[in-house]
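Results of the structural survey
The chain contents come next:
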Amino acid sequence: MTVGKDVSGLFPDVLKNMQTDDLEQKKLVYLYLMNYAKTQPELVILAVNTFVKDTDDNNPLIRALAIRTMGCIRVEKIIDYLCEPLRKSLRDDNPYVRKTAAICVAKLYDLNPELATENGFVSALQDMVSDSNPMVVANAITALTEINEASETKDIFIINTPTLTKLLVALNECTEWGRIALLSSLAEYKPMDSREAEHVVERVVPQFQHANGSVVLSAIKVVMIYMRIIKNEEVIRQLVKKLAPPLVTLLSSAPEVQYVALRNINLILQQRPDILQNEMRVFFCKYNDPPYVKLEKLEIMIKLANDRNVDQLLSELKEYASEVDVDFVRKSIRAIGQCAIKIDEASERCINVLLDLINTKVNYVVQEAIVVIKDIFRKYPHKYEGIIPTLCKNLEALDEPEAKASLIWIIGEYAERIENADELILTFLDTFRDENPQVELQLITATVKLFLKKPQSTQNIVQRVLQIATTECDNPDIRDRAYVYWRLLSTDPQAAKAVVLSDKPPISVQSNTVSGPLLEELINNISTLASVYHKPPETFLGKGRFGADAVQRRAIEEQEEASRESPIQAQTKSNIENLLDLDFGDSTSETASPIATTSNSSAPTTNVDDLLDLFGGSSIKSTTGQASSSNHQNNGLSNDLVSLLGVAKIQTGTGRL
């Protein structure tokens, strides 16, 4: 059974072994019943007498085992037999039996809410919050929380002052699971005033020293929520100091726990940046850290960077740039750029580090450094122009679109300070048609900037670029941008200068990656999946619980639906198709009528004719006529462009433009 084999056929034989005094054998039989009760609902009724008998056994372990098993057998017919044993178990003398029965009430409510309410089980559960045993209290709280979430009124479990006192008393004596349940309930409680919030926080803070990371994060969640209500600034400062050690301790755990802790720390720092301001060294990457941990640490180090620790951080990031993990190296170099943008005083030191990395001549390091330097130029225009010759020396080594686009942007932005800017631009024109669209767009803009700054010597280049972009490029974005620049230059060169050469807004490092309202919600969900995904729970959880039974039923329904559909429709539904590859025609109509085939074959021409009619054009001409018309139109635009800029017209081999 545990290795996945179906042994449901042995159900009658296993039932015969229920009445045994051997506790281990009884556990195995009960485990089998829980697994296969759904497949044999009629035979499960035969086990009821043994269950009821075991709930009266002298051994509390057997009593608890019987009531737990009855609660886990999710068969409607057994519910009627569950009520009386459950009522006795809720009043049992042994706390182990009572805490097991408390969870059983939640399972009964899930199957039949009316039965659980009418028989007083929910009321008994509410009374168990006052139980003398802390584990019973914890399980009662857990069950009430689940029932409250499933209920329509949401008023089954409301924490008041007496209940709050009982929760705080039980908090220090529970197991780790119980503490998590109690802390989660405390996080939902709304204190009446600042004084009550301080009192609760004082009782919760000792949980920071717990060995279980989930308990620590749950306690931190309660403190973070209650700090919004506390008015005393001195108390808040003390709490901020107390929050740092447990967060640092979590980073000495296993990598998986570290990752969860780092994702939560990321959120906490966005709301309270001063919590870990002196703990930069804790986040330095170790050689054996997994990649996902290293990347999270990098992000947090940028958040903690300031003018006091930036030198230490830069030396660490420079070391990371010599690692073998290419992705990590790229992120480290980007982090250097973020330090330069975030801390003005450190920008020159960051530039020096980047130049040292460029001198290593490692291809991907050089390219990433150029991308980063482009952002630094955006932040500090006309401040570090002296390094441009060094960047241009590495022109031949660039093969990545983003690096090429960044260097082209630098050449266009500082064209008046680069003597051979036109020659550098020309090196890209030979391969213009083969470049990535990102590079092509940047090349068009840089060429126009170059022309506006040096009109006498670069008019041939700008005409060539715009002509290639408008006549030979299939990408509409590139064509449109070229037409916009061409029309702008032809109409009003001064307006073109004002638009193209305008001051760029400075960039900055975004300290908060999550918006304010969403951050508040995620802080409320610290130590849950929401804080790891950085998404609210409703984006990845359905409404209500969706258990294994429901998943299995849904899978069977989908298979039945797919079998009723045609094979083509089923394949289309199971495979994600290209959304742009849409076919609005009906395949059956095409095969049924030859007329439909004929009309479809003429459709492209008709569609193009309609498109040209919208722009005042006629239907499609021959290839020769179209090419000559296009050349004539481009020559006319060139005449307008050159005459308006007041430069001499260009002589060509075929005539005057």
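Residues numbered from 1 in each chain as written. Predicted model: local features only at pLDDT ≥ 70, side-chain atom pairs only at ≥ 80, totals over all residues. Heavy atoms only, no water.

For the protein chain, an unreviewed UniProt entry supplies the name AP complex subunit beta and the organism Acaulospora morrowiae.

**Focus: the packing of helix α6 (residues 76-90) against helix α7 (residues 95-111)**
Between α6 and α7, the least distance of the axes is 10 Å, while the angle of their chain directions is 150 degrees. On the basis of the axis angle, α6 is roughly antiparallel to α7. Handedness of the crossing formed by α6 with α7: left-handed. Contact residues: α6 offers Glu-76, Ile-79, Leu-82, Leu-86, Ser-89 and Leu-90, while α7 offers Val-97, Arg-98, Ala-101, Ala-102, Cys-104, Val-105, Leu-108 and Leu-111. Grouping the constituent residues of the contact of α6 with α7 by class yields 11 nonpolar, one polar and two charged. (Axes fitted to C-alpha atoms, helices over the stretch in contact; angles between N-to-C directions. Helix = DSSP H or I, 4+ residues; strand = E, 2+ residues; numbered from the N terminus. Parallel < 35°, antiparallel > 145°, perpendicular 65-115°, else oblique. Left-handed = near helix turned anticlockwise from the far one by under 90°. Contact = heavy atoms within 4.5 Å. Nonpolar A, V, L, I, M, F, W, Y, C, P; charged D, E, K, R; others polar.)

**Thoughts on the environment of Ala-197**
Structurally, the position occupied by Ala-197 is in helix α13 (residues 194-204). For Ala-197, a relative accessible area of 0% translates into the label buried. C-alpha separation for the pair Ala-197 and Val-222, spaced 25 residues apart in sequence, amounts to 9.9 Å. Once residues lying within four places of it in the same chain are set aside, the contact partners of Ala-197 are Pro-191, Tyr-226, Ile-229 and Ile-230. (Buried < 20%, exposed > 50% of the residue type's maximum accessible area, 1.4 Å probe, protein only.)

**Side note on the side chain of Thr-50**
Of note, Thr-50 is situated in helix α4 (residues 48-54). The buried category is assigned to Thr-50, whose relative accessible area is 6%. Excluding anything up to four places from it in sequence, Thr-50 contacts Met-18, Gln-19 and Tyr-30.

**A look at the pattern of salt bridges**
Per the counting criterion, the structure on display carries 21 salt bridges. We note a salt bridge from Asp-131 to Arg-98, for which the minimum N-O separation is 3.0 Å. Separated by 33 residues along the polypeptide, Asp-131 in the loop between α9 (121-127) and α10 (134-150) and Arg-98 in helix α7 bring together distant segments of the chain. Here Glu-402 and Arg-334 are joined by a salt bridge, their closest N and O atoms 3.2 Å apart. Within this pair, whereas Glu-402 is found in helix α23 (residues 401-413), its partner Arg-334 is found in helix α19 (residues 326-342), the two being separated by 68 residues in sequence. Three or more residues joined by partner-sharing salt bridges are found here, namely Arg-330, Arg-334, Glu-368, Glu-400 and Glu-402. (Salt bridge = Lys/Arg side-chain N within 4 Å of Asp/Glu carboxyl O.)

**Observations concerning the packing of aromatic side chains**
Under the definition given, this model contains six aromatic pairs. Ring centres of Tyr-30 and Phe-51 lie 5.1 Å apart, and the angle between their planes is 55 degrees; on these two criteria the pair is classed as tilted. Pair noted here: Tyr-30 is in helix α2 (residues 23-36) and Phe-51 is in helix α4, with a separation of 21 residues, a long-range link. The two residues Tyr-30 and Phe-51 agree in class, both being buried. Centroid distance Tyr-320 to Phe-328: 5.2 Å. Interplanar angle 45 degrees. Geometry classified as tilted. Exposure class is identical for Tyr-320 and Phe-328. Each is buried. Between the NZ or CZ atom of Lys-294 and the centre of the ring of Phe-328, over which it lies, the distance is 5.1 Å. Here Lys-383 stacks its cationic end above the ring of Tyr-380, 5.0 Å away from the centre of that ring. (Phe/Tyr/Trp six-rings, centres within 6.5 Å; stacked < 30°, edge-to-face > 60°. Lys NZ or Arg CZ within 6 Å of the ring centre and 35° of its normal.)

**Thoughts on the side chain of Glu-413**
Summarising the element assignment, Glu-413 is placed in helix α23. In contact with Glu-413, not counting residues within four places along its chain, are Lys-449, Lys-453 and Lys-504.

**Re the environment of Asn-512**
Its location among the elements puts Asn-512 in the loop between α28 (493-500) and α29 (516-523). Remark: the alpha-carbon pair of Asn-512 and Lys-303, spanning 209 residues in sequence, is separated by 8.9 Å.

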